[in-house]
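Each chain is listed here by its residues.
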Amino acid sequence: QVQLVESGGGLVQPGGSLRLSCAASGTIFSVDAMGWYRLAPGKQRELVAGITSGGSTNYAESIKGRFTISRDNAKNTLYLQMNSLKPEDTAVYYCNVHSPLRGGRDYWGKGTLVTVSD
């Protein structure tokens, strides 16, 4: 089993920065992919950024150049550095682990709220 706990959300002004963290407990296999999703009011959940065990990354078009995903495999921790935040980035951000060795199972954290507002 995998448990994920996000932290680092909060209220920030437009143009500001936040760094989200996701601490994973349990067994994270080297082939597991990790990612950040977000759910904004009235919208569908979307993938914000993903990273493979080898460090390959992918980003949503809306956040390219502003957000950076990284992972520390030794600490089983996932990060999302968010810069130049916009009001439309307001959402609950969720950490995800996708585990091929567990039949493609997805694990989710409970989320952390990011609010971008004056």
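Located above this text is the structure these notes cover.
Residues numbered from 1 in each chain as written. Predicted model: local features only at pLDDT ≥ 70, side-chain atom pairs only at ≥ 80, totals over all residues. Heavy atoms only, no water.

J.: If you had to explain the sheet that holds strand 8 (residues 77–82) to someone new, which residues and values would you point to?
T.: Ordered by their spatial adjacency, four strands build an open sheet running 1-3-8-7, and the pairing between neighbours is antiparallel. Strands at the two margins of the open sheet, each flanked by one partner only, are strand 1 (2–7) and strand 7 (67–72). For this sheet, the mean angle separating the axes of adjacent strands, direction not counted, is 15°. Sheet analysis places strand 7 next to strand 8, joined by six bridges and oriented antiparallel. Across the sheet, phenylalanine 67 pairs through a bridge with methionine 82, a residue of strand 8. (Pairing = 2+ DSSP bridges. Helix = DSSP H or I, 4+ residues; strand = E, 2+ residues; numbered from the N terminus. Axes fitted to C-alpha atoms, helices over the stretch in contact; angles between N-to-C directions.)

J.: How would you summarise the state of the cysteines if you had to cite specific residues and measurements?
T.: In a disulfide, the sulfur atoms of two cysteines are covalently bonded to one another. Overall, the coordinates contain one disulfide when judged by the stated rule. Two residues, cysteine 22 and cysteine 95, share a disulfide whose sulfurs are 2.1 Å apart. Handedness here is read from the sign of the S-S torsion; for cysteine 22 and cysteine 95, about -80°, the answer is left-handed. Within this pair, whereas cysteine 22 is found in strand 3 (residues 18–26), its partner cysteine 95 is found in strand 9 (residues 91–99), the two being separated by 73 residues in sequence. With relative accessibility at 0%, the residue cysteine 22 sits in the buried group. Judged by relative accessible area, which is 0%, cysteine 95 ranks as buried. (Disulfide = S-S within 2.5 Å. Buried < 20%, exposed > 50% of the residue type's maximum accessible area, 1.4 Å probe, protein only.)

J.: An account of the pattern of salt bridges is requested, with residue identities and associated values reported.
T.: Scanning the model with the defined rule gives five salt bridges in all. The salt bridge involving aspartate 89 is made with arginine 66; its shortest N-O contact spans 2.7 Å. On the criterion of sequence distance, the pair formed by aspartate 89 in the loop between strand 8 and strand 9 and arginine 66 in the loop between strand 6 (57–59) and strand 7 is long-range, its members being 23 residues apart. Side by side, aspartate 89 and arginine 66 carry an identical accessibility label, which is buried. (Salt bridge = Lys/Arg side-chain N within 4 Å of Asp/Glu carboxyl O.)

J.: I'd love a proper account of the environment of tyrosine 59, names of residues and values included.
T.: Here tyrosine 59 lies in strand 6. Exposure remark for tyrosine 59: the relative accessible area of 24% places this residue in the partly exposed category. A sequence separation of 11 residues divides tyrosine 59 from valine 48, and the C-alpha atoms of the two residues are 5.8 Å apart. What tyrosine 59 contacts, discounting residues up to four positions off in sequence, is Val48, Ala49, Lys64, Phe67, Thr68 and Ile69. Polar side-chain contacts of tyrosine 59 include one of 2.9 Å to the backbone nitrogen of isoleucine 69. (Contact = heavy atoms within 4.5 Å. Polar contact = N/O pair within 3.5 Å; in protein donor to acceptor, adjacent residues only side chain to side chain.)

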